[in-house]
Amino acid sequence: MSVLYAATHYQRSLYDATGGQASGVNVGAAVRMCGHADPGRVRAALDALTARHEALRTTLTRRDTGGAAGGTAHQLIGDHAASDLREVSLAEVDEDRRESACAAVLQAELRRPFVLEGGPLARALLVTLADDDHVLAVIAHHAIMDGWSAGVIRDELPHLYEHGASATIPEPALHLADYAAWEAELAEDPATRRHWQAALADARPRLTFHGEVPDVGPVARTTPRPLPLDHGPTLGALHPLMVGERAGATAVLLAALAASLRDHATNERITFGVMRSNRQQRDVRGTVGFLAGHVPVTVDLSGNPTCATLVGRAADAYDRAISRPAPTAVLRGALPDVGRGPLFDVSLNYSAGPHRSDAVVTGAGVAFSPFDLVHEEPTDHPWWDGASLLDFQVRSDPAGRLSGVLVADAHLLGDAETARFAERFTAALRRFADRSGDRIAALGTATGPAR
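Predicted model only: the values in this text are computed from it and were never measured.

Undergrad: Just give me the short version of the sheet that holds strand β9 (residues 133-141), but keep the residues and values in it.
TA: Strands sit in the order β6-β8-β9-β3-β15-β14 across an open sheet of six strands; the sheet is mixed. If you trace the sheet from one side to the other, it starts and ends with β6 (85-89) and β14 (361-363), each paired once. For this sheet, the mean angle separating the axes of adjacent strands, direction not counted, is 25°. With eight bridges joining them, strand β8 (residues 122-130) and β9 adopt antiparallel strand pairing. Among the inter-strand pairings, L126 is bridged to a residue of β9, identified as L136. Helix-sheet contacts for helix α3 (residues 98-111) involve β3 (26-34), β6, β8 and β9, and the interaxial angle to β8 is about 170°.

As structure tokens, this is what we get:
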């Protein structure tokens, strides 16, 4: 028996972008299994995982609830069913080519679309490289899973492999349907609407570009361009600035982004969409589902501040923004001059490496370790309402090294211009680390306009 629940905003947007048809906006979690893995135990572990997490047995469907013509997307949560596991053996491939062959198989699996109407929206793949070497990957559509969820799955798989359904892992306190209900409650809350209408009354999200900002629809995204951060500062180099301004890494990255985009601002304020995991509360940290969302942060560039002062302003703005969460539907109504275009011109998605330990865990004689699933974001599948024109995705590793990619809207920005935005951001971040007392107007002479 299946039960119908309200969908989240992003689930509805992803559904509407394709009409419920094929979408390859996927996320994956993978572990390496060193030892003689038992396929029966693998299937039992996946069945137990699916039983624990409603999202992994959720599909989407359109239902007429008396609202918009044609109805809206809803979540349909089914009873527990056997997991979809496909097995691939690369044992016959030359040993020096197995790793690259495995990466290619996993990449193809990540890009293989799901049909959103009716699902299923999750599947698993077991790749055998040798008798004692395997990679197990769980692939799901972004409508039911986010990056944090991948860490939850990696952590649980060793215990479920050893103990199956009898594993003594605390049950998730909340599920994706609970998040959708919370989101809907906020969307109808008058106080939340008033707060964001007042907070964003003077925000000007539109920057100046050569082309015309496209309408919402199937957003064409450029191939992710690596940010040249291997030559940029580490978090260690930025630490004195962070301490001095009582700011986190997100605020420093926001300030550097604002400074690098100064020539494209229509006034002295830029509103960014900052992706948040929404996992601050302990009872949602073990939930599998797409709980992340954007929060608008307006950075004030007025008065030609120093780099350090701008970091302090960004930190204050970020703290204010996250103190009052709001679903995207509220933000779209509160942001001025949005029209039908993307919600934000520029978004920042910063993640501080794995949210849990990378330690090797042994279960039933098999050593499990996190496997880095290199995901090339698809550029040929519709994205969601709220996708930005410039999406900066930055992460730090445990040593504080920064890396990331920039994805742009291909309707508006070509590869050459996207590369210049990436270079300007990295150059600004380097100046913030090396000469935080410089005023931001000086950055223009070091980086040049991205035009």
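Anyway, onward from the coordinates.
Undergrad: Kindly report on helix α4 (residues 147-163), identifying the contributing residues and their values.
TA: Across its 17 residues, α4 extends 25 Å between first and last C-alpha, which sits within 8% of the 24 Å expected from 1.5 Å per residue. L157 marks the point of greatest bend in α4, at about 35°, and the proline P158 comes within the next four residues. For α4, the set of buried residues is S149, A150, G151, V152, I153, E156, L157, P158, L160 and Y161. As for α4, its buried residues are in contact with β3, α2 (39-52), β9, β14 and β15 (366-370). Looking one or two places after α4, you find G164, whose phi comes out positive at around 60°.

Undergrad: Which residues make up the nonpolar core, and what values go with them?
TA: Core analysis: the biggest nonpolar cluster contains 67 residues, and F272, L390, F425 and F432 have the highest contact counts within it. If one sorts the elements of this core by residue count, helix α8 (residues 249-260) sits on top with ten residues. Those residues in contact with F425, other than ones at most four positions away along the chain, are L227, L229, L253, A256, L257, S260, F392 and V394. Formed by 59 residues, the second largest nonpolar core is a distinct cluster that contains V31, L106, L125 and L129.

Undergrad: Tell me about the packing of aromatic side chains, residues and numbers included.
TA: Applying the stated criterion to the full structure yields four aromatic pairs. When the centroid spacing of 5.3 Å and the interplanar angle of 65° are considered together, the rings of F392 and F425 count as edge-to-face. Separated by 33 residues along the polypeptide, F392 in strand β16 (residues 390-396) and F425 in helix α11 (residues 415-434) bring together distant segments of the chain. The ring of Y161 carries R41 above its face, with NZ or CZ at 5.8 Å from the centroid. For R123, the ring lying beneath its charged end belongs to F114, and the centroid distance is 4.0 Å.

Reading the values: the criteria
Residues numbered from 1 in each chain as written. Predicted model: local features only at pLDDT ≥ 70, side-chain atom pairs only at ≥ 80, totals over all residues. Heavy atoms only, no water. Pairing = 2+ DSSP bridges. Helix = DSSP H or I, 4+ residues; strand = E, 2+ residues; numbered from the N terminus. Axes fitted to C-alpha atoms, helices over the stretch in contact; angles between N-to-C directions. Contact = heavy atoms within 4.5 Å. Expected span 1.5 Å × (residues − 1). Bend = angle between axes of the 7 residues up to and from the residue. Buried < 20%, exposed > 50% of the residue type's maximum accessible area, 1.4 Å probe, protein only. Core = buried A, V, L, I, M, F, W, Y, C linked by side-chain atoms within 4.5 Å. Phe/Tyr/Trp six-rings, centres within 6.5 Å; stacked < 30°, edge-to-face > 60°. Lys NZ or Arg CZ within 6 Å of the ring centre and 35° of its normal.

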